[in-house]
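The chain contents come next:
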Amino acid sequence: MAPPPRCRPLRARAAAAGLALLLLLLALVVTAHGSSSTDSLWTPRKSLVAMARADPQLLRANRGSLEAGELVSKILAASNVSAHRPTVCGDFHESVCRGWRELVKKPDHLTRFGVLAWMRDMHRDAFLSLLQSPRESFRAGDAPSPSLALVHDMYRQCRSGAHPSPRSPFLWSHVARWKRLRLDTPRGLAQAVRESTFLGAHFLYATTVDANNQKSSEMVRWIVQGGLSLANKKSYAVAEQRAHLLALLRSLIADFEIDGAIAEEIVAFEEALARISLDPITLRNPDLPARYHGRSALFPFPNKYPVILNAPPYFRALPALLRATPTRVLRAYFLTAQLQAILPAFEYSPVHTFRDAALHIRRPPRDDYCMTSINNLVPYLAAHVQLRDHYPTVAEMRRVQRDVRLLVLRIQNAYLRLLARNKWMSRTMIARTTRKMRSVRHMIGAEAWILSEAKVMRYYRGYEVQPTWEETLWQFRKLNLGKLDRKLGRPNDRQFTQSPMIVNAFYSQSNNRISIPFGILHPPVYHVDYPFPIKLAGIGMIIAHEFTHALDSRGRHYDWNGNLKDWWEPADCATFSKRSKCYEDQYAQYTVHGLPMNPKLTKAENIADNIAVRLVTSLASSKDYLPTIPVEDPREPGSPLDPGQVFFTYLATVWCVHFDAAAEKASLLKAVHAPSKWRINGSLQNSPEFHTRLACPRTATHPRCTLW
């Protein structure tokens with residue numbers, strides 16, 4: 001894979017780019033705290049870091065350890081930990097994340113901004129730098145690079161044509177077509193459903209193609225409860241939220257000339273939808289989805305392939321609601337739903353105002369919008385280009401994959417030891433759960449075909465930039481949906497379907513697979529040269545979290561091959577439920593901005609956080625948490641920090657986040673993860689190693705929760 005010449009300087013800096021930016025921010029913070037420069041932290045006579053930097057051989061061998069150590073030391077300095085010793089034990093999250101928030105500022109257009117989002121911004125900046133180069137410089141060796149050329153053309157068109165006027169002839173031609181649909185006829189209703197499916201609108205429900213939950217080897221159509229403009233069914237009881245929706249609907253009715261529409265009637269219909277909608281806790285019940293038999297105007301899909309409803313009670317009640325709704329109201333609801341789906345791409349302030357006030361989604365800067373659009377429309381193409389920019393050679397990419405795969409195997413083996421030593425499961429269930437954990441598939445970095453330019457361009461054959469940006473959006477979405485539909489009836493290839501540059505990690509229940517994309521394998525979460533304990537505290541914690549989903553309160557319902565079935569012995573199932581309820585009781589005691597958490601909704605994620613802490617601490621303690629080069633204590637320059645404090649500080653840093661209070665309160669209604677504070681503090685309260693290493697007395701009144 002020959003690299004484009006203009007990318008080499010970027011790639012040469014890629015390994016340390018994240019840390020370099022963070023250290024620059026750190027320098028500003030330290031100065032703001034009264035120090036004339038960062039050198040004051042690193043120039044004492046006994047400086048451990050200075051000693052390492054003075055020895056070129058030692059520096060080369062331990063660069064990753066030094067960079068990670070500097071990050072920890074400066075976070076602690078910015079947090080002023082020595083002045084807040086009670087906080088370290090009572091609120092470890094705040095003792096660490098106070099410093100992180102000082103160092104990393106939240107972009108104005110985001111209501112939530114954590115370490116992973118910050119890493120996404122670094123990827124965006126590198127991608128943006130690449131796309132802003134002259135198109136003529138994009139080459140693969142001596143030949144033009146078609147992948148680079150296509151994403152470059154998309155970016156240029158988006159940059160000049162994004163957010164067109166809502167008076168666009170393109171938009172109005174589609175609005176006119178939608179208005180002609182007869183929703184009082186089965187054919188018209190079926191066409192409205194297809195139009196909504198294409199646009200990704202919320203008209204009655206959403207649809208996708210995914211693995212059959214009871215036969216994971218086949219791909220089927222899923223019909224997913226939807227239909228609401230507001231974030232949650234409870235939002236309709238909040239007067240302020242209802243007012244935001246009414247204001248948007250009145251603007252849409254007036255500006256797009258929707259005859260006979262009354263905003264209050266549309267809201268009343270959505271309130272009726274909300275009443276029959278299932279709450280988020282019920283929707284997370286793995287046993288809820290059911291196969292749909294037959295075909296109707298409401299589900300106008302060929303019955304050649306299975307259809308699975310994710311919320312059967314909702315879909316049983318929906319036909320009666322539609323019969324009781326005047327066609328005029330249903331038509332107005334359909335049109336406004338379509339407009340809400342398409343108008344965020346246009347210069348239409350009422351929809352942007354609504355999304356900000358009601359959904360806490362702020363309009364991004366144009367470059368952010370364009371980068372996100374390109375990544376969503378052609379994810380594999382964009383990832384291929386970015387991977388070529390990040391890694392000078394395939395060998396370096398393979399080195400990262402091998403290193404992470406070894407870490408995955410060590411964590412997997414640690415989990416297997418937990419199961420083998422288990423005292424409450426029967427031998428039968430130990431054998432079955434062991435089989436499942438041994439069968440977990442691993443996707444590290446990217447699927448192999450994405451590294452081949454020829455294969456990527458073959459996948460995107462027919463994707464051509466259209467005369468306008470909105471036409472390009474429409475055409476590429478149409479092609480993508482066609483690819484998705486063609487998976488129906490085919491065997492499940494069990495490949496990772498998201499972009500390899502996404503900054504996240506995943507566990508798939510139906511595929512019994514963990515995916516650790518290249519996007520998350522960057523500082524500060526991971527670097528191939530980080531010392532082993534720092535890798536454990538960063539990417540190791542994330543890998544262990546994803547592994548645990550295989551046997552959490554939801555994942556345990558799926559067998560070793562990803563099929564939903566009852567494979568637990570009754571006595572073991574009862575004991576699992578009893579022991580896992582400990583986490584519900586623990587997290588029920590926590591509040592956020594005075595509001596209680598929903599421990600049933602976050603239960604699976606809380607289990608994953610807690611077991612992950614146990615796994616990585618067990619592996620790290622065998623190495624005594626010790627980085628190759630000691631980390632300097634900011635309170636006593638030249639003296640090393642306790643290795644345990646280094647380890648747990650790094651572990652907590654990965655989950656630090658900026659969050660607007662209003663957005664965080666709203667997220668409690670549907671978020672499946674606990675807020676950052678309780679992801680850190682809640683899991684560490686159950687960790688004996690944490691209390692021992694940091695000499696913190698355990699003050700919690702609830703019993704220490706442990707599943708295995």
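Described in the following lines is the structure provided in the data block. (Residues numbered from 1 in each chain as written. Predicted model: local features only at pLDDT ≥ 70, side-chain atom pairs only at ≥ 80, totals over all residues. Heavy atoms only, no water.)

1. Structural notes on the overall build of the chain
Across its full length, the chain carries 29 helices and 13 strands. Here the chain holds 708 residues, and 57% of them are scored as buried. Restricting the contact set of the chain to residue pairs at least 6 apart, pairs at least 24 apart contribute 74%. Put simply, the chain shows about 29200 Å² of open surface, and 53% of that area lies on carbon and sulfur atoms. (Helix = DSSP H or I, 4+ residues; strand = E, 2+ residues; numbered from the N terminus. Buried < 20%, exposed > 50% of the residue type's maximum accessible area, 1.4 Å probe, protein only. Contact = heavy atoms within 4.5 Å. Areas by Shrake-Rupley, 256 points an atom, 1.4 Å probe, with all protein chains shown as cover.)

2. Brief notes about the nonpolar core
F92, I520, V525, I539, I543 and W708 are the most contacted members of the largest nonpolar core, which has 100 residues in total. At 11 residues, helix α19 (residues 394-420) tops the list of elements feeding residues into this core. By size, the runner-up hydrophobic cluster in this structure holds 93 residues, among which are L128, L181, L183 and A274. (Core = buried A, V, L, I, M, F, W, Y, C linked by side-chain atoms within 4.5 Å.)

3. Here we look at the sheet that holds strand β6 (residues 290-292)
Read from one edge of the open sheet, four strands run β4-β5-β7-β6, paired in mixed fashion. Sheet topology places β4 (205-211) and β6 at the edges, where each strand pairs with a single neighbour. Looking at each pair of strands side by side, their axes are set apart by 35° on average, direction ignored. (Pairing = 2+ DSSP bridges. Axes fitted to C-alpha atoms, helices over the stretch in contact; angles between N-to-C directions.)

4. Details of the sheet that holds strand β9 (residues 506-508)
Reading across the sheet, the three strands line up as β8-β10-β9 and stay open at both edges, with mixed pairing between neighbours. Bordering the open sheet on either side are β8 (441-445) and β9, each of which pairs with just one other strand. Going from strand to strand, the sheet's axes swing by 15° on average, the running direction of each strand aside. Here β9 runs beside strand β10 (residues 513-517); their pairing, made up of three bridges, is antiparallel. Note on β10: the bridge partner recorded for S508 is R513. In the packing of helix α23 (residues 532-548) onto the sheet, the strands contacted are β8, β9 and β10, and the crossing angle to β10 comes to about 155°.

5. Things to note about the packing of aromatic side chains
Throughout the structure, instances matching the rule amount to 31 aromatic pairs. Look at W449 and Y459: their rings are 5.3 Å apart centre to centre, the planes differ by 40°, and that puts the pair in the tilted class. With a gap of 10 residues between them, W449 in the loop between β8 and α21 (453-459) and Y459 in helix α21 connect regions that are remote in the sequence. An aromatic cluster of three or more residues is present, and its members are Y380, W449, Y459, Y460, Y463 and F476. (Phe/Tyr/Trp six-rings, centres within 6.5 Å; stacked < 30°, edge-to-face > 60°.)

6. Focus: the environment of W474
Note that W474 resides in helix α22 (residues 469-485). For W474, a relative accessible area of 16% puts it in the buried group. Considering only alpha carbons, one finds W474 and I342, 132 residues apart in sequence, at a separation of 9.9 Å. Contacts of W474, omitting those with residues within four sequence positions, involve F170, H174, R177, W178, F198, L199 and I342.

7. Considerations on the packing of helix α11 (residues 239-255) against helix α16 (residues 349-359)
Contact pair α11 / α16: the axes reach a minimum separation of 9 Å and the direction vectors enclose 170°. Compared by their axis directions, α11 and α16 come out roughly antiparallel. Contact residues: Q241, H244, L245, L248 and S251 in α11; P350, V351, F354, A357 and A358 in α16. Residues that form the contact of α11 with α16 fall into these classes: seven nonpolar, three polar and no charged. (Parallel < 35°, antiparallel > 145°, perpendicular 65-115°, else oblique. Nonpolar A, V, L, I, M, F, W, Y, C, P; charged D, E, K, R; others polar.)

8. Focus: the pattern of salt bridges
Scanning the model with the defined rule gives 25 salt bridges in all. Among the salt bridges present, the one from D356 reaches R362, with a minimum N-O distance of 3.6 Å. By relative accessible area, which is 27% here, R362 ends up partly exposed. In the salt-bridge network here, residues are joined through shared partners; they are K106, D356, R362 and D660. (Salt bridge = Lys/Arg side-chain N within 4 Å of Asp/Glu carboxyl O.)

9. What to know about the environment of P146
Note that P146 resides in helix α8 (residues 146-161). Residue contacts for P146: discarding those within four places in its chain leaves E453 and M457.

10. Overview of helix α25 (residues 603-621)
Taking 1.5 Å of rise per residue, the 19 residues of α25 would be expected to cover 27 Å, and the 27 Å separating its terminal C-alpha atoms lies within 8% of that figure. Counting buried positions along α25 yields 16 of 19 residues, so the element is predominantly enclosed. (Expected span 1.5 Å × (residues − 1).)

11. Here's the deal with the packing of α8 against helix α18 (residues 379-390)
Here α8 crosses α18 at 115°, and the two axes come no closer than 9 Å. Note on packing geometry: the crossing formed by α8 with α18 is left-handed. Residue-level contacts link S147, L148, L150 and V151 of α8 to L381, A382, H384, V385 and R388 of α18. (Left-handed = near helix turned anticlockwise from the far one by under 90°.)

12. Regarding the state of the cysteines
Should the sulfur atoms of two cysteines be covalently bonded, the bond is a disulfide. All told, the structure shown has four disulfides when counted by the stated rule. Each sulfur of the disulfide joining C97 and C656 lies 2.1 Å from the other. Its S-S torsion of about -85° marks the bond between C97 and C656 as left-handed, since a negative value means left-handed. Highlighted residues: C97 in helix α6 (residues 92-103) and C656 in the loop between α26 (643-653) and β13 (657-659), separated in sequence by 559 residues. A relative accessible area of 1% places C656 in the buried class. (Disulfide = S-S within 2.5 Å.)

13. Brief notes about unusual backbone geometry
The omega torsion across P523 and P524 is 5°, close enough to zero to call that bond cis. Even without being a glycine, H163 presents a positive backbone phi close to 55°. Assignment of secondary structure puts H163 in the loop between α8 and α9 (169-179). Positive phi, normally seen in glycine, also occurs at H360, with a value near 60°.

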